[in-house]
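# Summary of the model geometry
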Amino acid sequence: MHRLLLLFSMLFSFPVLAALDSATLGAQLAESSPQCSHFAQTRWLADLEAELESDGYFQRTEEGLVWHTLTPIDSRLVLSADNPDMPLAYQAILPVLNGLLGGDWAALQQHFSLDLSGELNAWQAELAPTDKLVAERLKQLQVSGGEQVEQLQIDFVSGDRMTLQLSPTDCAALPGDSNTP
Amino acid sequence: MTQRIWAWLWTLVLLACAALLFTQLRQADFWDTRITALLPASDQSSLLQQADQQLSAAFENQFVVLVGGPNAVQSAKVLQALLREANLSSAQTMLRPDKTLSPYRYGLLSDSLGSADNRQWLKRALTRLLLPGGSETLVQDPFGLLDSWLGERFNGALTLRDGIPTLRDEDQLWALVSGQVTGSPYQLATQQQLTASLAEFHAQHPQAQLLRSGLIFHAAAGAAQAQREMSSLGLASLLGLCLLFWWVFRRLRTLVQLLVPVACGLLLALPLTGLLFGGVNLLTLVFGVSIIGIAVDYALHLQCQRQLVAAQPSRQFWSALLLGLLSTLIAYLVQLITPMPGLRQMACFAALGLLGAWLTVRLWLARWPLSAHPATARLATTLAPVRLRSGQGWPWMLLALLLLAALVLIFSRLQFNNSLQQLNPSPAELIQEQQQVQTLLQQPSGSRYLLVRAADEQALLRRLEGLDPAFQRLKTANDLAAYQHPARHLPSLTRQQQAHDEVRERYSQLLPELRAASGLPERLQQQALTALDNAPLLQPAQWLESAEGAADAALWLGAQPDGVWVAVVALGDTTAAGAVALQQLAEADDVIYHDRVAALSAQLARLAHSMASWLAVAAVILSLLLCWRFRTAAWRALLPPLGAVLLTLGCLALTGGVGLFHLLGLLLVLGIGLDAGIFSAQEPDSDAAWLAISLSCASSLLAFGLLAFSATPALHFLGLTCLLGLAFTWALVPFARATRPDHSR
């Protein structure tokens, strides 16, 4: 009898069987979003009909998301509303990026309607903007992952497209000035 | 018999007035609440008037609230929603002219980019290129020219968070909510809506800190204060008057008889003033009702005379009462010559009110049955010995010394003080909040400005551009808090063409490097240059007629009838050094410096000076009139009014100086002093007159002296002057009633 109960409780607590809803997913992402992550960015520039690739890592810090590109050139930028180097148009995109990469799913849902599919360890989400300011620039977002966000694609109204591949990494092992952002 | 006909005629006049008033009160615009109506018909040039009007329209209907505290952005959203419900929100939550200016970006080169070197340009382009999700306009603007321009020239300090403009001041994050009043910020209903919205917001977010800026907040604070004081001071004064009259007369009928002339005076004054001036200002009503308080005098004198001397007063009594009316009318009608429409209205209102009250006393009151209580006579007997006897020398010495001291003070220390700041009824915290908002947002207040003239549109923009470095220097040195002029957002065509050339130069140098660093195709260079070559220049009309250019359109006076083009440079607060530097700029032939507050203060000063001189003229005329009437006894009539005015001025010389509202108070003192003096001269031995004079001083002290405790500066000055002046008037009457040596009791 006890064994049976144990088996039941194991069955029900097994993540695979948990229902996939945005609240559960949000909790999981908030829990396990990495502090630091490698990225590989591919951008399709519609105007030029050209693709631009870059990679590096990002780190979540107190002052905001630090975006450190290593190739094609070394460049470091703090993604924060207070940073005067940010393009004005970027003020609309910033909360989206912070929400996705920081695991703040609830903040995202203020700007997007969410369509979830898959399971908790292998999910896909389609996000369509509901906020006028965001919709002026973003057409739609596609996000997928497991325990963390693994891939992210943003389609822009202008015809541009951005794809990010993410893989968690140990902050201490990062090169350069990662510990003194 | 003729008396009866006149009484009936008077009834008919009052009935007609009542009918007129009834129709007037049904008009929506009968009551005028604008404070500006009090101000002088402007003697400024039409150009300054046009600038003032245009600036007022642009600044007065706007307001801004900065929300701070925990969750400032979320709180600001709630406040925004509340304002939208109250129909007070502004369509423009934040100036974002990016769409309007997009085609013209190559002509709009910011100072920071203009002075940056090639290395910085390249770094900027690469940063934007590698930003996740940034740089949608790569071909159109690889170096972010427009962003730099917008950041430098429009709300530079503001950043959007969740669609709400915010700014950071040290550790504090402020979220900005802007609003707009449709109609006038002086409208009570609009003020109440705003106050209610803010109160609801406070209830929901007690922790949020608010900084308010905008005329409507000051107007609302003034109105709220006036209402509070009307209820507290007004009630205290009414209660005091009722108690005083009850203590003296102890008959309800007598109380009613004392009030009927005042009511009839109002009934005559209100509709006729409305007819003459096309409406009545609420301030006129407030001051005017107080001035009609003198009207109680006539009823008091008649009542005392009838109760204590004879039921049918003598001819001498009526002639004294008539002289009282005429002398007061002379003192008030002096105001009719002032250039302030508000004062003229008040003078007209007061004169009509006094006339109405006097006629009521003369035609009705004398015929009404008398009801007397013995207490009145007892009181008159108690009061009667308070007068100087012949042979009492020391009080005269004291009086002479005091008058001498007053004269010395007046000639050595008395100053006119007409600074508007002194009259500003706004609470200090509101003024401080407003200054903080203007500093944070870098907004000029619009209360001082430069007018710049030039031969044509483009020359005007070029002249503004030529002046700009001087403003920049002042701002950098913190001698000028903020400034704004149309050329800050709208460069001259010359300047735009220069920017085009510079951008083309940078493109040819930097685009190959950018391509090499990023690996972008060669097409980038050709496409970027094509976009640049095809770009138009921004024409003044396009910008000034756009929604985002509305603020600049307010500063653009355009072509004048004489063919000259004129624009305004709105200035923020300056230091003394800054003011000097700005005045030096205005020494050029094509620049005029104008400080609205200083100009208005100067106008008030001129007005106060002319009122003071007319007051002196009135005093001379009255002296002659009373000398002719009373001959050797004229000093009895002149001592209370003139002595009280001198002593009051002496006291005021010890305080901050004399302004317009002190002078208005002196007019009142003069009016009541004249009544007191005339009855003292007419019947120095009459106990009835002395009781009536005492009651008149006491009741006016209750009605106006209490205003000394008002927090509204204008009313405080008026009240303080009355408090001092009426006390002196009363104290001087025992001198005026001094017994004659030949007929001492």
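A few words on the overall build of chain A. Counting secondary structure elements, chain A contains five helices and nine strands. Helices (α) and strands (β) of chain A occur, in sequence order from the N terminus, as α-α-β-β-β-β-α-α-β-β-α-β-β-β. The proportion of buried residues among the 181 residues of chain A is 30%. Of the contacts formed within chain A by residues at least 6 apart in sequence, a portion of 43% connects residues at least 24 apart.

A few words now on the confidence of the model for chain A. Chain-level statistics for chain A give a pLDDT mean of 79 and a share of 86% at 70 or above. A low-confidence stretch, residues 7-18 of chain A (pLDDT under 50), is modelled with eight contacts involving residues beyond four sequence positions or located in other chains.

Another aspect to go through is the nonpolar core. Counting residues in each nonpolar core, the largest one holds 108 residues, and the members touching the most others are B:Val669, B:Ala692 and B:Leu718. Excluding its chain neighbours within four sequence positions, the residues that come into contact with B:Val669 are B:Ala644, B:Val645, B:Thr648, B:Thr721, B:Cys722, B:Gly725, B:Leu726 and B:Thr729. In this structure, A:Leu94, B:Trp121, B:Ala499 and B:Leu524 belong to the second largest nonpolar core, which totals 92 residues.

Turning our eyes to something else, we now look at the domain arrangement of chain B. Many analyses report the size of an interface as the accessible area lost when the parts associate. Assigned domains within chain B: domain 1 (2-27 + 240-421 + 599-743) and domain 2 (99-151 + 497-524). The distance between the C-alpha centroids of domain 1 of chain B and domain 2 of chain B comes to 77 Å.

Further remarks concern the interface of chain B and chain A. Contact with chain B, which involves 30 residues of that partner, is made by 33 residues of chain A. Residue assignment for the side of chain B that touches chain A shows that the elements contributing at least two residues are helix H6 (118-130), helix H7 (145-153), strand S3 (159-161), helix H20 (493-518) and helix H21 (523-533) of chain B. Grouping the constituent residues of the side of chain B that touches chain A by class yields twelve nonpolar, ten polar and eight charged.

A word on helix H19 (residues 457-476) of chain B. Residue pairs three or four apart in sequence face the same way in an α-helix, which turns once every 3.6 residues. All names here are of chain B. Between its terminal C-alpha atoms H19 stretches 29 Å, which fits the 28 Å expected from 20 residues at 1.5 Å a residue. For H19, the principal kink sits at Leu-467 and spans about 30°; a proline, Pro-469, occurs within the next four residues. On the buried face of H19, the contacting elements are strand S8 (448-454), strand S9 (483-484), strand S11 (565-571) and helix H24 (576-585).

Residue and element names in this part refer to chain B. Counting through the fold element by element, Val-309 comes out in the loop between helix H12 (295-308) and helix H13 (315-333). Of the residues examined, Val-309 has 17 C-beta atoms within 10 Å and is grouped as partly exposed. Between the C-alpha atom of Val-309 and that of Leu-514, which follows or precedes it by 205 residues, the distance is 109 Å. Among residues more than four places away in sequence, those in contact with Val-309 are Ser-686 and Ala-688.

Right, let's get into the pairing of strand S4 (residues 75-79) of chain A. Residue and element names in this part refer to chain A. With five bridges joining them, strand S3 (residues 64-71) and S4 adopt antiparallel strand pairing. Opposite His-68, over in S4, you have Arg-76 as the bridge partner. If you look at the hairpin formed by S3 and S4, you'll find three residues sitting between the two strands.

Of the consecutive residues A:Thr71 and A:Pro72, the connecting peptide bond is found in the cis state with omega at 5°. With respect to the helices, strands and loops of the structure, A:Pro72 is situated in the loop between S3 and S4. Even without a glycine there, the phi angle at B:Arg631 is positive, about 55°. Secondary-structure assignment places B:Arg631 in the loop between helix H25 (596-630) and helix H26 (634-654). Overall, the presence of 9 C-beta atoms within 10 Å leaves B:Arg631 in the exposed class.

All names here are of chain B. Strands sit in the order S3-S4-S5-S2-S6 across an open sheet of five strands; the sheet is antiparallel. Two strands close off the open sheet at either side, each with one partner strand: S3 and strand S6 (209-214). Across this sheet, the average inter-strand angle for adjacent strands is 35°, counted without regard to direction. Alignment of strand S2 (residues 62-68) against S6, held across six bridges, turns out to be antiparallel. Note on S6: the bridge partner recorded for Val-65 is Arg-212. The strands touched by helix H9 (residues 215-249) are S2 and S6; relative to S6, the strand with the most contacts, the crossing angle is about 100°. Along the sheet, helix H18 (residues 428-441) contacts S2, strand S4 (164-169), strand S5 (172-180) and S6; its crossing angle with S6, the most-contacted strand, is approximately 85°.

Right, let's get into the sheet that holds strand S2 (residues 50-61) of chain A. Taking strand neighbours across the sheet as the criterion, the nine strands line up as S4-S3-S2-S1-S9-S8-S7-S6-S5 (chain A) in an open arrangement whose pairing is antiparallel. Since the sheet does not close on itself, it has two edges, and those belong to S4 and strand S5 (112-119) of chain A, each with one partner. The average undirected angle you get between the axes of adjacent strands in this sheet is 20°. Sitting on the sheet, H6(B) is in contact with S2, S3 and S4 of chain A, with an inclination near 65° to S4(A).

Rules of the game
- Residues numbered from 1 in each chain as written.
- Chains lettered and ligands numbered in written order.
- Predicted model: local features only at pLDDT ≥ 70, side-chain atom pairs only at ≥ 80, totals over all residues.
- Helix = DSSP H or I, 4+ residues; strand = E, 2+ residues; numbered from the N terminus.
- Buried ≥ 20, exposed ≤ 12 C-beta atoms within 10 Å, placed from the backbone.
- Contact = placed C-beta atoms within 7 Å.
- pLDDT = per-residue confidence, 0-100.
- Core = buried A, V, L, I, M, F, W, Y, C linked by C-beta atoms within 7 Å.
- Domains from an automatic or database assignment.
- Nonpolar A, V, L, I, M, F, W, Y, C, P; charged D, E, K, R; others polar.
- Expected span 1.5 Å × (residues − 1).
- Bend = angle between axes of the 7 residues up to and from the residue.
- Pairing = 2+ DSSP bridges.
- Axes fitted to C-alpha atoms, helices over the stretch in contact; angles between N-to-C directions.

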